[in-house]
Amino acid sequence: NAGVTQTPKFRILKIGQSMTLQCTQDMNHNYMYWYRQDPGMGLKLIYYSVGAGITDKGEVPNGYNVSRSTTEDFPLRLELAAPSQTSVYFCASSSTGFAYNEQFFGPGTRLTVL
Amino acid sequence: AQSVTQLGSHVSVSEGALVLLRCNYSSSVPPYLFWYVQYPNKGLQLLLKYTSAATLVKGINGFEAEFKKSETSFHLTKPSAHMSDAAEYFCAVSEFGYGNKLVFGAGTILRVKS
């Protein structure tokens with residue numbers, strides 16, 4: 001049972017390039033989330049999904065896109081990378097939508113945009 | 001909307017001393033509250049959570065937190081710090097409504113001195 005896995009671990013992009021951050025969970029969780037973490041700012045929600053085919057915006061969605069074609073995978077797409085997207089990105093999952101359920105986090109992807 | 005304030009971005013304690021990390025929340029309804037820990041270059045791991053069953057919540061690694069409604073607080077404590085406790089700690093509140101979203105505080109970095 002690997003939990004939540006993310007690839008790549010590190011990536012450097014040039015301004016204007018595109019990339020997809022991969023996230024996979026093997027716990028059969030319906031709910032999945034993408035956060036970005038910036039120093040001194042905590043984690044901010046980018047997008048989330050409550051099941052395959054259903055996604056919604058979080059607090060900071062601009063510059064990102066997501067899709068959810070399967071229960072296991074929840075990729076995050078950056079179309080035109082900008083220096084403001086330099087951050088550490090975390091994917092998380094939760095078994096249900098009940099507010100008392102914990103979220104399980106992946107190890108993160110550290111992205112630098114130059 | 002729910003929000004979380006963590007007082008003190010950095011806390012330094014000596015090994016064996018009491019650890020106290022402060023968290024205050026804002027919520028119009030009884031909240032569900034979480035403490036997560038992030039070790040260097042790792043993802044977030046749940047320490048403990050408050051779900052209204054008991055005001056004193058015990059978590060992993062000897063940590064506990066007390067929910068005080070009158071003070072809107074959920075401070076994290078540990079009687080005796082260990083070097084391995086050095087990490088960043090995040091308090092979070094579950095945002096009621098669709099999606100089981102979490103709102104995180106800015107985080108507190110705990111340094112343990114030998």
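These figures come from a predicted structure and were not determined experimentally.

1. Some thoughts on the layout of surface pockets
Here the largest pocket is characterised by a volume of approximately 700 Å³. Lining the largest pocket are 32 residues, and of these Q37(A), V88(A), R110(A), Q38(B) and N41(B) lie nearest its centre. Among the secondary structure elements, those contributing two or more residues to the lining of the largest pocket are β4 (31-38), β9 (87-94) and β11 (109-113) of chain A together with β9 (87-95) and β11 (108-113) of chain B. Considering each element in turn, the lining of the largest pocket owes the most residues, four residues, to β11(A). One number sums up the size of the second largest pocket: a volume of about 170 Å³.

2. Here we look at the side chain of E88(B)
As for its placement among the helices and strands, E88(B) is situated in strand β9. Excluding residues that lie within four positions of it along the chain, E88(B) makes contacts with Q37(A), Y36(B), V37(B), Q38(B), A106(B), G107(B), T108(B) and I109(B).

3. Overview of the environment of L7(B)
All names here are of chain B. Inspection of the secondary structure assignment puts L7 in strand β1 (residues 3-7). In this structure the C-alpha to C-alpha distance between L7 and F63, which are 56 residues apart in sequence, comes to 18 Å. Each residue touching L7, except ones within four places of it in the same chain, is listed here: R22 and T108.

4. Some remarks on the side chain of S93(A)
Residues and elements named next belong to chain A. One can find S93 in strand β9. Under the relative-accessibility criterion, S93 is labelled buried at 0%. Among the polar contacts listed, one links the side chain of S93 to the side chain of H29, at a separation of 2.8 Å.

5. Section: the confidence of the model for chain B
Low pLDDT marks regions whose predicted coordinates should not be analysed in detail. Confidence along chain B averages 93 in pLDDT terms, with 99% of residues attaining 70 or more. Across chain B, the element-wise mean pLDDT spans from 91 in strand β10 (residues 101-104) of chain B up to 98 in strand β2 (residues 10-14) of chain B.

6. Details of the pairing of β4(A)
Residue and element names in this part refer to chain A. Counted residue by residue, β4 has eight buried out of eight residues, so it is predominantly covered. Taken together, the seven bridges between β4 and β9 define a ladder with antiparallel strand orientation. Bridge pairing in β9 places Y33 opposite A92. Across seven bridges, the pairing between β4 and strand β5 (residues 42-51) is antiparallel. Among the inter-strand pairings, R36 is bridged to a residue of β5, identified as K44.

7. Brief notes about the interface of chain A and chain B
Taken together, the contacts link 27 residues of chain A with 23 residues of chain B. Carbon and sulfur atoms supply 55% of the area that chain A and chain B bury against each other, a total of about 1900 Å² over both sides. Among the residues chain A hides against chain B, the three largest losses belong to A99(A), Y100(A) and F105(A). Together they make up 27% of the total. The tally of links from chain A across to chain B stands at zero salt bridges. For the pair chain A and chain B, the number of links is nine residue pairs in polar contact (both at pLDDT 80 or more).

Cut-offs and rules
Residues numbered from 1 in each chain as written. Chains lettered and ligands numbered in written order. Predicted model: local features only at pLDDT ≥ 70, side-chain atom pairs only at ≥ 80, totals over all residues. Heavy atoms only, no water. 1 Å grid on protein atoms, 1.4 Å probe; cavity = no way out; pocket = protein on both sides within 12 Å on 5 of 7 lines; lining within 4 Å. Points joined across faces, edges and corners; volume = space filled by probe spheres on them. Helix = DSSP H or I, 4+ residues; strand = E, 2+ residues; numbered from the N terminus. Contact = heavy atoms within 4.5 Å. Buried < 20%, exposed > 50% of the residue type's maximum accessible area, 1.4 Å probe, protein only. Polar contact = N/O pair within 3.5 Å; in protein donor to acceptor, adjacent residues only side chain to side chain. pLDDT = per-residue confidence, 0-100. Pairing = 2+ DSSP bridges. Buried area = accessible area lost by both parts, 1.4 Å probe. Salt bridge = Lys/Arg side-chain N within 4 Å of Asp/Glu carboxyl O.

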